[in-house]
Amino acid sequence: MAKLIDFNIASVEFQNNPYPHYARLHSEDAIFHDRRVNAYFVGKCEDVQSILTSPDFTTAPLLERAQPVMGDRVLAQMSGSEHASKRRTVLGGLSGRYFRERYAPMIRGISEMLLRPRMASGSLDLVNQFGKDYGVLVTLSVLGLPTDRYKEIATWHTGIADFITSLEIEEGRKAYDLACSHQLIQYLTPIVEHRLQRPGDDLISLLCIADGQGETMSVSEIVALCLNILLAATEPADKTLALLFKHLMDHPEQLDRVRSNRDLLSAAIDETLRFTSPVQLIPRQAAVDVEISGIKIPADSIVFCMIGAANRDPKAFDAPDTFKIDRKKPEGTTSLGRVARHLAFGAGTHVCVGAAFSLLQIEITANLLLDNLRGLKYSPGFVYKEVGLYTRGPASLCIDFDASASIEVVTSCTAAAAA
Ligand code: 2IO
């Protein structure tokens, strides 16, 4: 039976580097409990997999954590045929022809536009001078929203993300975050009203069109789904891209292999998601009294799945604390054992609907960066620091490279062909 350890999730130590604590959780076979936030933190891969796929755990925490800033329900709060049909609409609008014909060229265009002005100087902060704008611009374009006010939208997004991903939040910040949400909802509402009248073929319009049963969503339901997509697509994008480059730069032999064989890039992205998952926590609530690894958890308890810990479980992954792009892939999707599938996108009914999209998105941009950023090294004096407990990524990634007058597009993109 596992043991329950009293743990302070907000401690500076854990915030600076959670990974040694995950190792302790595995070696001591523990579940953490934090009295301050009144929640359990589960990190064994097998437990997380079973919580995310069990009907005994619900997404009820999102009622307080997400709905106040979303204005209505997000996809993960829905169930049954409603969930299935809305999920299908979103998935349809992100894949296949949409991806190839619309998003792939758009992602390439945005990446080139952001990179071009940096090429001559030979240095770049991949998070703050590229990734953050990139994440918002790609998402706005997917939703078919204008990009002229993206700086303001980025600011509002940060407030909304802060609300959703805070473990403890003080009143002042809460008021600011709610004000950000209010502004973004006010910005989106007339756009959605207009699309309801005259749908185009963008993702918002797809959400506006009545489903098979002739039911149309209300304006606030559509706005909430737009905010859901905006947050879920924007928040992890800069983190994943910067983490990928950090790990490749820290493993030069793997960087060389990926540079010369771009077929290895998708494996490098996948390993980045396992090794340093940009979404570290997924909250659930126990619907009934349950047992996890032999520990009794009473009904209504909040349980956080620690994705970052599950993805470093030595029972599921060999040498879990090593970044290696050629890990053996599991044969069946549910097989655990030593070659589990990583849980960075969650699991079960609510597994990330944008997973395939995001992998192709990052692949396109990483290919473009690899083509153009030669002689990569960290900028002199750069100090690496990761921030965030819920979503986590580099605060900055300052890199130097061979300066050049223009940008080249060398690699024909395999991602677009694969979609
Ligand atoms: C938006 C947390 C970045 C989701 C969330 C309220 C619901 C859901 C997630 C992910 C990632 C974000 N939860 N995406 O964990 O849509």
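Residues numbered from 1 in each chain as written. Predicted model: local features only at pLDDT ≥ 70, side-chain atom pairs only at ≥ 80, totals over all residues. Heavy atoms only, no water.

## A word on the overall build of the protein chain
Piece 1. Along its length, the protein chain carries 18 helices and 13 strands.
Piece 2. The C-alpha atoms of the protein chain give a radius of gyration of 21 Å, which matches the 22 Å a tight globule of 419 residues would have.
Piece 3. The principal-axis extent of the C-alpha atoms belonging to the protein chain is close to 60 × 55 × 45 Å.
Piece 4. Sequence separation of at least 24 residues holds for 73% of the intrachain contacts in the protein chain that already meet a minimum separation of 6.
Piece 5. Per element, the accessible surface of the protein chain, about 17,800 Å² overall, is 53% carbon and sulfur.
Piece 6. Here the protein chain contributes 43 positive and 50 negative side-chain charges, whose respective centroids are spaced 3 Å apart. (Helix = DSSP H or I, 4+ residues; strand = E, 2+ residues; numbered from the N terminus. Rg over C-alpha atoms; globule rule 2.2 N^0.38 Å. Contact = heavy atoms within 4.5 Å. Areas by Shrake-Rupley, 256 points an atom, 1.4 Å probe, with all protein chains shown as cover. Lys, Arg positive; Asp, Glu negative; His and termini not counted. Charge placed at Lys NZ, Arg CZ, Asp CG, Glu CD.)

## Things to note about the pairing of strand S9 (residues 302-306)
Consecutive side chains along a regular strand alternate between the two faces of the sheet.
Piece 1. Burial analysis of S9 places four of its five residues in the buried class, which makes it a mostly covered element.
Piece 2. Two strands pair when backbone bridges link them, and strand S3 (residues 39-42) and S9 are joined in this way by four bridges, in the parallel orientation. By the bridge assignment, Phe-41 is partnered in S9 with Phe-304.
Piece 3. One ladder, built from five bridges, connects strand S6 (residues 281-286) with S9; its direction is antiparallel. Of the residues in S9, the one forming a bridge with Pro-283 is Phe-304. (Buried < 20%, exposed > 50% of the residue type's maximum accessible area, 1.4 Å probe, protein only. Pairing = 2+ DSSP bridges.)

## Some thoughts on the site of the ligand
Piece 1. All residues adjacent to the ligand are Ala-66, Ile-164, Asn-228, Leu-231, Ala-232, Glu-235 and Val-279.
Piece 2. Side-chain polar atom of Asn-228 to an oxygen atom of the ligand: 2.9 Å apart, as the coordinates give it.
Piece 3. For the ligand, whose accessible area on its own is 390 Å², the fraction buried by protein is 82%.
Piece 4. In this structure, the ligand is accommodated by the largest cavity.
Piece 5. Of all the elements, helix H12 (residues 219-234) adds the most residues to the shell around the ligand, at three residues.
Piece 6. Taken together, the residues that form the shell around the ligand break down as five nonpolar, one polar and one charged. (Near = heavy atom within 4 Å. Polar contact = N/O pair within 3.5 Å; in protein donor to acceptor, adjacent residues only side chain to side chain. 1 Å grid on protein atoms, 1.4 Å probe; cavity = no way out; pocket = protein on both sides within 12 Å on 5 of 7 lines; lining within 4 Å. Sits in = over half its atoms within 2 Å of the grid points. Nonpolar A, V, L, I, M, F, W, Y, C, P; charged D, E, K, R; others polar.)

## A closer look at empty space enclosed by the protein
Piece 1. The full count for this structure, using the stated rule, is two cavities of 30 Å³ or more.
Piece 2. Contributing to the lining of the largest cavity are 50 residues, with Asn-228, Ala-232, Pro-236, Val-279 and Cys-352 lying nearest its centre.
Piece 3. Mapped by element, the contributors of at least two residues to the lining of the largest cavity are helix H6 (80-94), helix H8 (127-143), helix H9 (150-165), H12, helix H13 (237-250), helix H15 (265-275), S6 and helix H17 (355-372).
Piece 4. Class assignment for the residues of the lining of the largest cavity results in 36 nonpolar, eleven polar and three charged.
Piece 5. Here the second largest cavity defines a volume of roughly 30 Å³.
Piece 6. The wall of the second largest cavity is formed by Met-70, His-157, Ile-160, Leu-184, Leu-227, Leu-230 and Leu-231.
Piece 7. At three residues, H12 tops the list of elements feeding residues into the lining of the second largest cavity. (Points joined across faces, edges and corners; volume = space filled by probe spheres on them.)

## A few points about the sheet that holds strand S4 (residues 57-58)
Piece 1. Strand order in the open sheet formed by six strands is S1-S2-S3-S9-S6-S4, and the pairing between neighbours is mixed. Of all the strands in the sheet, just strand S1 (3-6) and S4 have a single pairing partner and so form its edges.
Piece 2. Strand contacts of helix H3 (residues 45-53): S3, S4, S6 and S9, with the helix running at about 125° to S9, the strand carrying the most contacts. (Axes fitted to C-alpha atoms, helices over the stretch in contact; angles between N-to-C directions.)

## A closer look at the sheet that holds strand S5 (residues 123-125)
Piece 1. As summarised here, the arrangement of the three strands in space is S5-S13-S10, forming an open sheet in which the pairing is antiparallel. Each having just a single partner strand, S5 and strand S10 (377-378) make up the two edges of the open sheet.
Piece 2. One ladder, built from two bridges, connects S10 with strand S13 (residues 398-400); its direction is antiparallel. Among the inter-strand pairings, Lys-377 is bridged to a residue of S13, identified as Asp-400.

## Here we look at H9
Each full turn of the α-helix corresponds to 3.6 residues, which orients residues three or four apart in the same direction.
Piece 1. Compared with the 22 Å implied by 1.5 Å per residue over 16 residues, the 22 Å span of H9 between its first and last C-alpha is a close match.
Piece 2. All of the buried residues along H9 are Tyr-150, Ile-153, Ala-154, Trp-156, His-157, Gly-159, Ile-160, Ala-161, Phe-163, Ile-164 and Thr-165.
Piece 3. Residues of H9 that are buried make contact with helix H4 (62-65), helix H5 (67-70), H8, helix H10 (171-197) and H12. (Expected span 1.5 Å × (residues − 1).)

## A short note on the pattern of salt bridges
Piece 1. Inspection of every chain in the model, using the stated rule, returns 26 salt bridges.
Piece 2. Arg-195 serves as the salt-bridge partner of Asp-202, at 2.8 Å between the closest nitrogen and oxygen. The same class applies to Asp-202 and to Arg-195, which are both buried.
Piece 3. Across the pair Asp-371 and Arg-262 runs a salt bridge whose closest N-O atoms are separated by 2.9 Å. Of the two residues, Asp-371 sits in helix H17 while Arg-262 sits in the loop between helix H14 (252-260) and H15, which places them 109 residues apart along the sequence. The exposure classification of Asp-371 matches that of Arg-262, with both residues buried.
Piece 4. Beyond isolated ion pairs, a larger network of salt bridges with shared partners links Arg-73, Glu-82, Lys-86 and Glu-221. (Salt bridge = Lys/Arg side-chain N within 4 Å of Asp/Glu carboxyl O.)

Remember, this is a structural readout, not a statement about activity or role.
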